[in-house]
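Next come the chains, spelled out residue by residue.
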Amino acid sequence: MSIRGEKIYLRTVMKEDAPIILDWENNPDFWEVTENEGPFSLDDIKYFIENSNSLEDSGQLRYMISTHSGRIIGAIDLFDFDPLSRSSGIGILIAKPEDRSKGFASDALLTLIRHSRSGHLLKQLHCIIYPSNIASIKLFSRCGFKHSGISTFKDKEVHRYSLQL
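Please read these numbers as outputs of a predicted model, since none were measured by experiment.

Focus on the side chain of H159
Right, on to step 1. Examined against the element boundaries, H159 turns out to sit in strand 8 (residues 156-164).
Right, on to step 2. H159 sits in the buried class, given a relative accessible area of 17%.
Right, on to step 3. At 3.2 Å, the side chain of H159 and the side chain of E157 are in polar contact.
Right, on to step 4. The residues touching H159, leaving out its near neighbours within four places in the chain, are C127, I128, I129, P131, H147, G149 and I150.

Written out as structure tokens, the structure reads:
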């Protein structure tokens with residue numbers, strides 16, 4: 001399944017994506033903003049792909065972000081799904097610095113927000129962002145997320161943002 005945006009399209013993860021996901025998950029530069037505590041094996045990634053077919057069943061769902069030419073540039077995730085409140089966490093990665101600041105993240109986020117309303121019937125999305133991550137704060141704010149509080153993640157202060165759908 002794929003969901004078309006203006007600059008990108010989102011598609012569900014396929015087993016062929018395992019090597020690129022393994023590279024991203026095992027990149028220590030990305031660990032600070034994820035729940036990763038250490039490296040994954042290829043078998044771990046394959047298991048994740050095989051067992052995350054639906055938000056309802058696994059509580060998480062990853063979409064690959066691809067340019068219209070088919071080049072994979074990142075991923076956007078729904079996670080910590082709560083079926084009672086119909087809410088989910090959301091996170092995004094544009095993996096290479098040269099692909100950032102080109103509107104891909106905004107398009108991917110807005111595309112998944114639309115799909116979350118209609119396809120997943122969600123009522124709320126939320127995220128946490130380190131106060132030093134100005135680019136992410138601007139991205140989520142531009143896409144309608146509102147500051148909703150302050151908490152801690154990995155013993156550091158983070159700001160919570162939420163969007164009512």
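Next, the rest of the story.
Some words on the sheet that holds strand 5 (residues 87-94)
Right, on to step 1. Strand order in the open sheet formed by eight strands is 1-2-3-4-5-6-8-7, and the pairing between neighbours is mixed. The open sheet terminates on both sides in strands that have one partner only, identified here as strand 1 (2-4) and strand 7 (146-153). Sheet twist, expressed as the mean angle between neighbouring strand axes with direction ignored, is 30 degrees.
Right, on to step 2. In terms of strand pairing, strand 3 (residues 61-67) meets strand 4 (residues 72-82) through six bridges, oriented antiparallel. If you follow R62 over to strand 4, its bridge partner there is D77.

Analysis parameters
- Residues numbered from 1 in each chain as written.
- Predicted model: local features only at pLDDT ≥ 70, side-chain atom pairs only at ≥ 80, totals over all residues.
- Heavy atoms only, no water.
- Helix = DSSP H or I, 4+ residues; strand = E, 2+ residues; numbered from the N terminus.
- Buried < 20%, exposed > 50% of the residue type's maximum accessible area, 1.4 Å probe, protein only.
- Polar contact = N/O pair within 3.5 Å; in protein donor to acceptor, adjacent residues only side chain to side chain.
- Contact = heavy atoms within 4.5 Å.
- Pairing = 2+ DSSP bridges.
- Axes fitted to C-alpha atoms, helices over the stretch in contact; angles between N-to-C directions.

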